[in-house]
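Observations on the three-dimensional arrangement
Here are the chains, one letter per residue:
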Amino acid sequence: MFEIDAKGSYYRDLNNKVRDAISKGEKEITLKNINGQYYIGDGLREKVSIIIEGVPGNDLAAFMDGPTIRIKSNAQDNIGNTMNSGKVIIEGNAGDVLGYGMRGGKLHVRGDVGYRVGIHMKGDKKQAPTIVVGGTAGDFFGEYMAGGLLILLGLDENDPRPIVGDYLGTGMHGGMIFIRGEVDEKLCGAEVGIMDPDADDLKVLKAALTDYCNDLGLNLDEIMKKSFKKLIPVSLRPYGNLYAY
Amino acid sequence: MFKSLAPPEYLATIDREKCIRCKRCIQNCGWGVYSWGGDKILINTSKCVKCLRCYHYCPEEAIEIKDNPTKFKNNAYWSFHHIRNIKRQAETGGIPLTGMGSDQNYPILFDNLMIDACQVTNPSIDPLREPMELRTYLGKKPSSVKIEKGKDGKLKLQTKMPPQIKLDLPIIFSPMSFGSISLNAQKVLAMAAKECGTVMNTGEGGLHEDLFPYKSNIMVQVASGRFGVNPDYLNAGVAVEIKIGQGAKPGIGGHLPGEKIPLEVAKTRMIPVGTDAISPAPQHDIYSIEDLRQLIYAIKEATNYKPVSVKIAAVHNVAAIASGIVRAGADIVYLDGFRGGTGAAPSIIRDHLGIPIEHAIAAVDDRLRQEGIRNEASIVAAGGIRSSADAAKAIALGADACAIATSALITMGCTTCGKCYTGNCSWGITTQRPELTARLDPEVYAERLINLLHAWTHELKEILGALGINSIDSLRGNRERLRGIGLDTQTLDILGVKPAGR
Ligand code: SF4
Ligand code: SF4
């Protein structure tokens, strides 16, 4: 276990320290007194584990390809931008545009997330990204989705707000979204079909949630007590008829 | 069958006397104009786009492609294309698409600018016998440099130079993605870039492994669809470009039609085969200059500080935007004028949005100078550079280098027919159909593109020689060596150019 005290550190110096520690063979790094530093973990490719104490700044884990980052509090915007592999666990809430263009790896958020989360995620048979959100999400959840898995749980039963905002899955043309509970059709983009998950879907869902529950100390059976809806694109070419050739 | 009320644009004709029924036109046409009727070639002229592939491959010179003489009644206001587009829209309810840069009759400022030359009082230079420097470095330049004499008496640069892209000539290739163009076309660009000491740009479609050997001549692009972007990709080339906009379609996103997404393209983009590859209009993590700065530095952090270029379309407020881009930390500002090419854009957007590149270069160069930050970034100008003269004029207006795409495609056979969005390009350029792409032998066509760059290199040197200067650096922003003809006072003022005769 290697510790870096980030108090008052400029992000560039901090990231250099982290890269230094990794090149010296450290496998577990704790960043203490983090206070809004940007770009933590960007482009890192080693299978290390990084624990963050304090609230990290925007663009954490952008283009990341391997590490596991655990944030022990809230986090800000743009986490996991175009991330390729690895995992980010957020024990609190997180901001807008998480996992933009994400290609692989996992984002596990315990609390709520903001607008445009999981937009333009992609994936193929070899790798696909997963985002699981424990609380609620804002508008444009899963917009332009082309692949991967998005799961929204709404675990706080006392939260009066709707589980998800407007324009859910607008422009979706691949991938799958699971929402715990019912989904108001009015919130969905025209490109989205709402269905009940079949046995295969439930297997995929359970596998993803088992990992999520392990990371955050939650009870899978409790979560599965409520039924889920599956959202998939109705067409591979949502805008195929838009043009005159 | 309902016959479309939008008449064909062209009439494909075969001289039956000359035709020897060899059927080469059938094989060559990517649009399916020709078919075999048992005893003669049949022609479906409504499919003809005048790309002239058949004409070039007919051994008997039997083919002629004419503009359709059956026109609507002449009307100076309601042009053939206005009427035809309305009819097409009435039939489909869709947006007419187009490819290539705008072909509309807007003023072309390049054609109203003349370059100076030396006579008597200042000697010209003969580039055939004297050294001429076209070497160009793209990237931030320090505002001053410190040089010290070492113990051995040699001069040494003390200032740490920001990263630079070294070019042997001030011309690079504009971004064109695998998907929008064929892999063979990308290979042509990569081979020519390597041979000529310049760079090609992957566009937003990932980097195919066949291009790995050309990494030191490749700039990779990150755009709103984030296709093919992973850490290997970001670190593969000499620089990373963030694409905000494109001259042919400012303010709108990209939309690679499903016809152009076979397995290979789907794989590099990580999307399902046959879907439309959607690049959203904005990058949803960039709504401000501050957000742009965030992405620039996220990329720099992930690439150990490679130079970052930001590409924008030339729009009305381009100078202020460019200033913001430079302040956001970009090493290169890439300006794309409204004549810039595209693989697919709504014609209504292509022909009516944006501003010419000539205005944009002058405005941006002025603004950055006024603000004292011109050294902070290089300017790359693109969007309709048709010749070395256009390039020289763009550089004199203030660009550090020019980017070309259409000119490069023309060396591969392109006739600017403008139908790139169909995915049927008979020249094997803007298509993914294997029988068509196989026609474009990278080795053969790279040779032709290399020839073009060599020719432009000679021409640029001749122009410099005539100007009596021996380095392209002395032409940069040297608007005193340009004169306008037939331009109004305000345009001259914006361009910072005197009228001819003054
Ligand atoms: S290529 Fe020329 S000669 Fe051959 S079939 Fe076509 S028109 Fe006739
Ligand atoms: S690339 Fe092909 S389709 Fe596009 S304009 Fe050129 S010849 Fe036509």
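Everything numeric here is computed off the predicted structure, so don't read it as measured data.

Further remarks concern the overall build of chain A. Looking only at helices and strands, chain A has 3 helices and 12 strands in total. Relative to a compact globule of 245 residues, whose C-alpha radius of gyration would be 18 Å, chain A shows 18 Å and is just as compact. For the C-alpha atoms alone, the extent of chain A along its principal axes is close to 55 × 50 × 30 Å. Sorting the 245 residues of chain A into buried and exposed places 60% on the buried side. Excluding contacts between residues fewer than 6 apart, the proportion of contacts in chain A whose partners are at least 24 apart in sequence is 43%. When the accessible surface of chain A is summed, it comes to about 9,900 Å², and 48% of that surface belongs to carbon and sulfur atoms. Both charge centroids of chain A, one from 29 positive and one from 34 negative side chains, sit 5 Å from each other.

The secondary structure content of chain B amounts to 15 helices and 23 strands. The C-alpha atoms of chain B give a radius of gyration of 24 Å, which matches the 23 Å a tight globule of 502 residues would have. In terms of overall dimensions, chain B has C-alpha extents of about 85 × 55 × 40 Å along its principal axes. The 502 residues of chain B split such that 58% are buried. Taking contacts inside chain B between residues at least 6 apart in sequence as the whole, the part at least 24 apart equals 69%. By element, 52% of the accessible surface of chain B is carried by carbon and sulfur atoms, the whole surface being about 21,400 Å². In chain B, the 59 positive side-chain charges and the 51 negative ones have mean positions that sit 1 Å from each other.

Okay, the domain arrangement of chain B next. Residue and element names in this part refer to chain B. Once the domains are mapped, chain B shows domain 1 (10–94) and domain 2 (137–499). Look at where the C-alpha atoms of domain 1 and domain 2 centre, and you get two points 34 Å apart. Of the roughly 1,000 Å² buried between domain 1 and domain 2, counting both surfaces, carbon and sulfur atoms make up 51%. Broken down residue by residue, the surface that domain 1 buries against domain 2 is led by Gly30, Trp31 and Arg53, which jointly contribute 50%. Taken together, the connections running from domain 1 to domain 2 amount to 0 salt bridges.

On to unusual backbone geometry. Residue and element names in this part refer to chain A. Even without glycine at this site, Phe63 takes up a positive phi of about 55°. Structurally, the position occupied by Phe63 is in the loop between strand E3 (49–55) and strand E4 (65–71). Overall, the relative accessible area of 0% leaves Phe63 in the buried class. Its identity as a non-glycine residue notwithstanding, His120 has a phi of 55°, on the positive side.

Moving on, we get to the packing of helix H7 (residues 289–302) of chain B against helix H8 (residues 318–327) of chain B. All names here are of chain B. Where H7 contacts H8, the axes come no closer than 9 Å and their chain directions differ by 40°. Between H7 and H8, the crossing angle belongs to the class labelled oblique. The chirality of how H7 crosses H8 is right-handed. In contact with Ile289, Leu292, Arg293 and Ile296 of H7, H8 contributes Ile321, Gly324, Ile325 and Arg327. Looking at the contact of H7 with H8, its residues break down into 5 nonpolar, 1 polar and 2 charged.

All names here are of chain B. If you walk across this open sheet you meet the 8 strands as E11-E21-E20-E18-E17-E14-E13-E12, and the pairing is parallel. The open sheet has two edge strands with one neighbour each: strand E11 (171–173) and strand E12 (200–201). Here 5 bridges tie strand E18 (residues 332–336) to strand E20 (residues 378–382), and the two strands are oriented parallel to one another. Among the inter-strand pairings, Val333 is bridged to a residue of E20, identified as Ile379.

Before going further, it helps to spend a moment on the side chain of Thr198 of chain B. Residues and elements named next belong to chain B. Along the polypeptide, Thr198 turns up in the loop between helix H4 (183–196) and E12. Under the relative-accessibility criterion, Thr198 is labelled buried at 1%. Only 2.6 Å separates the side chain of Thr198 from the backbone oxygen of Ile171, close enough to count as a polar contact. In this structure Thr198 touches Leu167, Leu169, Ile171, Ile172, Phe173, Ala193, Asn217 and Leu453, once residues within four positions along its chain are discounted.

As a further point, take the interface of chain A and chain B. Every contact between the two is made by 44 residues of chain A and, on the other side, 46 residues of chain B. For the pairing of chain A and chain B, the buried interface totals around 3,900 Å² over both sides, and the portion due to carbon and sulfur atoms is 57%. Summed over the shared surface of chain A and chain B, the number is 2 salt bridges. A salt bridge links Glu301 of chain B to Arg19 of chain A; its shortest N-O distance comes to 3.1 Å. On the surface where chain A and chain B come into contact, there are 16 residue pairs in polar contact (both at pLDDT 80 or more). Elements represented by at least two residues in the side of chain A that touches chain B include exactly helix H1 (11–23) and strand E12 (243–244) of chain A. A per-element tally of the side of chain A that touches chain B places H1 of chain A first, with 4 residues.

Within the fold, Asn15 of chain A resides in helix H1. When the C-alpha atoms of Asn15 of chain A and Asp42 of chain A are compared, they prove to be 8.5 Å apart, with 27 residues separating the residues in sequence. Each residue touching Asn15 of chain A, except ones within four places of it in the same chain, is listed here: Tyr38, Tyr39, Ile40 and Gly41 of chain A together with Glu301 of chain B.

Calculation rules
Residues numbered from 1 in each chain as written. Chains lettered and ligands numbered in written order. Predicted model: local features only at pLDDT ≥ 70, side-chain atom pairs only at ≥ 80, totals over all residues. Heavy atoms only, no water. Helix = DSSP H or I, 4+ residues; strand = E, 2+ residues; numbered from the N terminus. Rg over C-alpha atoms; globule rule 2.2 N^0.38 Å. Buried < 20%, exposed > 50% of the residue type's maximum accessible area, 1.4 Å probe, protein only. Contact = heavy atoms within 4.5 Å. Areas by Shrake-Rupley, 256 points an atom, 1.4 Å probe, with all protein chains shown as cover. Lys, Arg positive; Asp, Glu negative; His and termini not counted. Charge placed at Lys NZ, Arg CZ, Asp CG, Glu CD. Domains from an automatic or database assignment. Buried area = accessible area lost by both parts, 1.4 Å probe. Salt bridge = Lys/Arg side-chain N within 4 Å of Asp/Glu carboxyl O. Axes fitted to C-alpha atoms, helices over the stretch in contact; angles between N-to-C directions. Parallel < 35°, antiparallel > 145°, perpendicular 65-115°, else oblique. Left-handed = near helix turned anticlockwise from the far one by under 90°. Nonpolar A, V, L, I, M, F, W, Y, C, P; charged D, E, K, R; others polar. Pairing = 2+ DSSP bridges. Polar contact = N/O pair within 3.5 Å; in protein donor to acceptor, adjacent residues only side chain to side chain.

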